[in-house]
Structure formats: structure tokens, C-alpha cells
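Spelled out, the chains give:
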Amino acid sequence: MTRLASGIQSDTNSGSAVLLQGNSVVELASAMPENVGSYSPDESPISVAQFSIGSHSSAVPASNVHSLISARKSCGRLVAYADDHRMEAKTQNGVLTFIPAGMDQRYEFEGDTTNIALTISEKVFQQVIDSNTGFASSGVLEPRIPWIRPALNRLVSDSFDLLHEQKFGWKTLTEANALMLAVELLASFGHQSKRKVSSTRLSENEISTVVAFIEDHLDENFGLSTLAKLLDRDVFGFSRAFKNATGSTPHQFVIHRRLEFAKDRLLNTNETLGAIAYDCGFSSQAHFTAAFSKQLGVSPGTFRSSAK
């Protein structure tokens, strides 16, 4: 494991592809070997970076910024995950990837690509919503890939140029660009803004139904769509409603419950780590160990031995 920058790690021992983890897509881009430039000015609503890279996998945790990646020169295939939702597309010039704030991101890419990665603060969207009654909530934003939206591509390019060149008035123009990006994104999902906010809330019975299913199927491999179907809801509307109700995404909640179940097995049985991993719904012992260590700060083996 090689540390590339603050909060960013690269693991080149897991296969031919580069594996990266960071706190934002711009942070990841800033660590790329062929990074043209990365800019995250203090108090700026936008951060941008342009980079080139070949086949790789990467992961970004949920945060309060929206992520937008514009493919400038790209040939390959991308599999992207927003929480538990999987999207796949052939990449080409001008294709956009958009992941809203509050969703875990994972990417698996094969090929070669030159991209501009941009993050924009959720506060900008709220500012637009507060000033325009036509937008009910930024919660209607959904992940999209592939996405062709020339206006967004132009704004992404303009944002990079502004922060890269930093000519006279660049701060004011960057703020204006951020507002235009927010308006364009919200307008792109405008057909959904007519939904009543109250209709997206989960009732106590609905929450109980989902939680009971999770508890009864912790050892099984189920996804976000399975949970949404329990309540006859669309995947993204359910995901956001669940997070509003519980404070956690469905994926985070399931992992938390699986780890609690695993802790009990570690303390009260002599089962092997591999057996516990599979019994608790993890795809492998390595996946279990990584999730356990990230959540509790110690490996499962250390947790078990220290409790004796």
C-alpha cells in the first residue's frame, strides 16, 4: 500500500489495475501520475482536477459534495456504483458521470481516459432551491451514467479554466459558474421536482418492514433494489428517504448490522473468521476484515483476542 497524498492510498498488489481510495473524486484525481492540475481554493464552492489514467478501481465515501466527471478523451468501459446501485457504460468523449452528495462511490474502469473531475458543494444547490420555488428539493438528484449534457460539459470546462488560470475576477466567476451548474443539474431532474416531499418519507411501519427484512437476511446477498421493492418504491427515492429517516444509507445500515452480528459471533463462538464472514453476509474474509477494521479500528482477529 502506497500513500500518494493526504487521505489517498494506492494498492498495486491486488492485480493489474491501480486501486485508489480518497475523500473526493478531485482528491483522487490530484494523485494521478498524469495530473494536469488540481484546484481546491479555500471557501470555493467548486474543486476541479484534470487527469489521465488507465485501468483502475477507486472508492470515495459519501460526503456533502456532488461529483461530476467529464470524459475529455476516453476509450474504455466503466462500472460505477452509487451506494448499492450499479451502472455500466462504454466511455467516450463528452460522456458525463454524476453522483449526488450523500452516496458512496466506487468505480471500476478498463481502458484509457482523460477526465475533468469536479465537486460542487451542496450549499450551492440549497441556495438555488431557496431562491426558486420551482425546485422542491435537491433530494431529487439521482446518479447518472452515461449522460450527455453539452451545457454541463461546457460549465465543467469553464470551471477548470477559471481555477487553473485564476485571472482577474476568477473568484466571482467561479461562484457564478457554481450557481449555473446547480441550476443546470436541478433543471435536468426537473420532471421529478413536482413530487411532494411528504410522499418520499418513510412511515414507522415501512421502516420496521425494511429493518426486519435486513435482520432476517443478514447472511444473504441482497441489494438496494430488493429493499426498495419491499415498499414498492423507486431505488433512489427509497435510498434518500431511508437516509432521512435513519441517518444512514441502506448500505451503511446493512454493513453496521452485519458487523454487530459478527462481533457477537467473534465473542461467543469459536468459528473461523472465514466462516463468520460468510455467515454475516460478507463476500469474502478479506471484505469482512476491511469493513470491520474500517469501522472499529482493529481487525476481527485482534478484536477477538483482546476480549479474552
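Residues numbered from 1 in each chain as written. Predicted model: local features only at pLDDT ≥ 70, side-chain atom pairs only at ≥ 80, totals over all residues. Heavy atoms only, no water.

Asks: With reference to specific residues and values, describe the environment of Ile-214.
Replies: Within the fold, Ile-214 resides in helix H5 (residues 204–216). Look at Ile-214 and you get buried, because its relative accessible area is 0%. Sequence separation between Ile-214 and Phe-253 is 39 residues; the distance between their C-alpha atoms is 9.0 Å. Setting aside chain neighbours within four positions, we find Ile-214 in contact with Phe-222, Leu-227, Phe-253 and Val-254. (Helix = DSSP H or I, 4+ residues; strand = E, 2+ residues; numbered from the N terminus. Buried < 20%, exposed > 50% of the residue type's maximum accessible area, 1.4 Å probe, protein only. Contact = heavy atoms within 4.5 Å.)

Asks: Provide a residue-level description of empty space enclosed by the protein, including the pertinent values.
Replies: The method is simple in principle: a probe with the dimensions of a water molecule rolls over the atoms, and the space it marks as empty is what remains. Enumeration according to the criterion identifies one cavity of 30 Å³ or more in this entry. Approximately 260 Å³ is the volume attributed to the largest cavity. What lines the largest cavity is a set of 19 residues, and nearest its centre among them are Phe-51, His-56, Ile-69, Leu-78 and Asn-115. Broken down by secondary-structure element, the contributors of at least two residues to the lining of the largest cavity are helix H1 (25–30), strand S5 (46–53), strand S6 (56–60), strand S7 (65–82), strand S9 (96–99) and strand S10 (105–121). A class-by-class count of the residues in the lining of the largest cavity yields 12 nonpolar, seven polar and no charged. (1 Å grid on protein atoms, 1.4 Å probe; cavity = no way out; pocket = protein on both sides within 12 Å on 5 of 7 lines; lining within 4 Å. Points joined across faces, edges and corners; volume = space filled by probe spheres on them. Nonpolar A, V, L, I, M, F, W, Y, C, P; charged D, E, K, R; others polar.)

Asks: Tell me about the confidence of the model for the protein chain, residues and numbers included.
Replies: Looking at the protein chain as a whole, its pLDDT mean stands at 83, while 87% of the residues score no less than 70. When the criterion is pLDDT under 50, residues 1–17 qualifies, and its contacts beyond four places in sequence or with other chains add up to 34 contacts. The model gives residues 191–199 a pLDDT under 50, and that stretch makes 12 contacts with residues more than four places away or in other chains. (pLDDT = per-residue confidence, 0-100.)

Asks: How would you sum up the nonpolar core? Please name residues and give values.
Replies: Side chains of a nonpolar character, in soluble globular proteins, are inclined to be buried together. Within the largest apolar cluster, 40 residues are counted, with the highest numbers of intra-cluster contacts made by Ile-214 and Phe-238. Tallying contributions element by element places helix H7 (residues 235–246) first for this core, with five residues. (Core = buried A, V, L, I, M, F, W, Y, C linked by side-chain atoms within 4.5 Å.)

Asks: Tell me about the pattern of salt bridges, and please be specific about residues and values.
Replies: A side chain of one charge can pair with a side chain of the opposite charge when the charged atoms of the two come close. Applying the stated criterion across every chain, the model contains nine salt bridges. In this structure, Glu-271 engages Arg-265 in a salt bridge whose closest nitrogen and oxygen atoms are separated by 2.8 Å. Note on Arg-265: relative accessible area 14%, which makes it buried. (Salt bridge = Lys/Arg side-chain N within 4 Å of Asp/Glu carboxyl O.)

Asks: Describe helix H2 (residues 122–131), with residues and values.
Replies: Within H2 the residues assigned to the buried category are Val-124, Phe-125, Val-128 and Ile-129. Projected onto a plane normal to the axis of H2, the buried residues spread over an arc of 135 degrees and lie on a single side. Facing away from the buried surface of H2 by more than 90 degrees, the exposed residues are Lys-123, Asp-130 and Ser-131. As for H2, its buried residues are in contact with S7, S10 and helix H4 (170–188). (Arc of directions from axis to C-beta.)

Asks: Which residues make up the pairing of S10, and what values do they have?
Replies: Within S10, 12 of the 17 residues are buried, which leaves the element mostly enclosed by the surrounding structure. Pairing analysis gives eight bridges linking S5 to S10, with the strands arranged antiparallel. In the sheet register, Gln-50 faces S10, and the bridge partner there is Ile-116. Two elements, S6 and S10, share five bridges in a ladder whose sense is antiparallel. Looking across to S10, one finds that Ser-57 is bridged to Glu-108. Of the strand pairs in this sheet, S7 and S10 are connected by 17 bridges, and their pairing is antiparallel. Bridged to Ser-70 within S10 is Ile-116. (Pairing = 2+ DSSP bridges.)

Asks: Describe the packing of H2 against H4, with residues and values.
Replies: To describe two helices that pack against each other, one gives the angle between their axes and the distance between the axes. Put simply, H2 and H4 touch, their axes get as near as 9 Å, and they point 70 degrees apart. Considered as vectors, H2 and H4 are oriented roughly perpendicular to each other. On H4, the residues that touch Val-124, Phe-125, Gln-127, Val-128 and Ile-129 of H2 are Ala-178, Leu-179, Ala-182, Val-183, Leu-185 and Leu-186. (Axes fitted to C-alpha atoms, helices over the stretch in contact; angles between N-to-C directions. Parallel < 35°, antiparallel > 145°, perpendicular 65-115°, else oblique.)

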